[in-house]
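Given next are the chains, with one letter for each unit.
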Amino acid sequence: MEELMEYILQIGNLNQQQLNLVTRDAIEIDLQKDKYFSEAGKIPRQVGFVVEGVIRGCYYNKDGEEITRCFMSENSLVVDYVNFEANTVSSEYLQACTDCKLIVFSKQHWDELSQIIVGWDNIKNKMVQLCMYQKSRKGPVVSQDATTRYLAFMENYPSLINRIPLTYVASYLGVTQQSLSRIRKNIR
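As a starting point, this report considers the structure included with it. Predicted model only: the values in this text are computed from it and were never measured.

1. Notes on the packing of helix H1 (residues 2-11) against helix H2 (residues 16-24)
Stage number 1. One way to put it is that H1 packs onto H2 with a least axis distance of 11 Å and a crossing angle of 125°. By the angle class used here, H1 and H2 are oblique. Regarding H1 and H2, the two cross each other, and that crossing is right-handed. Where H1 approaches H2, its residues Leu 4, Met 5, Ile 8 and Leu 9 are matched on the opposing element by Gln 16, Leu 19, Val 22 and Thr 23.
Stage number 2. Split into classes, the residues belonging to the contact of H1 with H2 amount to six nonpolar, two polar and no charged.

Next comes the structure, spelled out in structure tokens:
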């Protein structure tokens, strides 16, 4: 829980009693590689904070191809927030790329914090904005050639390149795994 408290204190000011309220009903879970934190076709019911590991956001396009949209690693919130807040069905999956340790909040606890902690809404909003930014930023520009996209991926996600399966990197870049292997070979 220490990592979560440090993260929160970087965003806003809470005293120890308030921090205790935040963490009181949060639970720590292990999410094994390839397991889902939330799934398309279901209503997201929890917010997670990544302590260890990498989670990817992905969906299936109209042709049934799996597309990786984003990666979230340590010290990040993980949630399909729009559907979580609206209590609506998600169209994306949040899946563990590695074994993960998460701190998880139920919807009820997440909502209660706004009622019992003065200033929580401001902190929550900043955390959610960071989460939304992370899920939307750094996407590959399809008009760039594949090598340029891969080099940008390496620059934007230097800690992930050796931690996640190359199939997910290829999906994120919009190339086949064979193309990614050729690109990697030519760069070395």
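2. With respect to the sheet that holds strand E3 (residues 46-52)
Stage number 1. Reading across the sheet, the four strands line up as E1-E8-E3-E6 and stay open at both edges, with antiparallel pairing between neighbours. A strand with exactly one partner marks an edge of an open sheet, and here the two such strands are strand E1 (27-31) and strand E6 (77-78).
Stage number 2. In the packing of helix H4 (residues 107-116) onto the sheet, the strands contacted are E3, E6 and strand E8 (100-106), and the crossing angle to E8 comes to about 65°.

3. Overview of a nonpolar patch on the surface
Stage number 1. Among the surface-exposed residues, Leu 151, Met 154 and Ile 187 lie close enough to one another that they form a single nonpolar patch of about 210 Å² accessible area.
Stage number 2. Note on placement: Met 154 falls in helix H6 (residues 146-156).

4. Some words on the pairing of E3
Stage number 1. A large share of E3 lies buried, amounting to five of its seven residues.
Stage number 2. Here two bridges tie E3 to E6, and the two strands are oriented antiparallel to one another. Note that in E6 the partner of Gly 48 across the bridge is Val 78.

Cut-offs used in this document
- Residues numbered from 1 in each chain as written.
- Predicted model: local features only at pLDDT ≥ 70, side-chain atom pairs only at ≥ 80, totals over all residues.
- Heavy atoms only, no water.
- Axes fitted to C-alpha atoms, helices over the stretch in contact; angles between N-to-C directions.
- Helix = DSSP H or I, 4+ residues; strand = E, 2+ residues; numbered from the N terminus.
- Parallel < 35°, antiparallel > 145°, perpendicular 65-115°, else oblique.
- Left-handed = near helix turned anticlockwise from the far one by under 90°.
- Contact = heavy atoms within 4.5 Å.
- Nonpolar A, V, L, I, M, F, W, Y, C, P; charged D, E, K, R; others polar.
- Pairing = 2+ DSSP bridges.
- Patch = residues over 30% accessible without salt bridge, like charges linked within 9 Å, V, L, I, M, F, W, Y side chains within 5 Å.
- Areas by Shrake-Rupley, 256 points an atom, 1.4 Å probe, with all protein chains shown as cover.
- Salt bridge = Lys/Arg side-chain N within 4 Å of Asp/Glu carboxyl O.
- Buried < 20%, exposed > 50% of the residue type's maximum accessible area, 1.4 Å probe, protein only.

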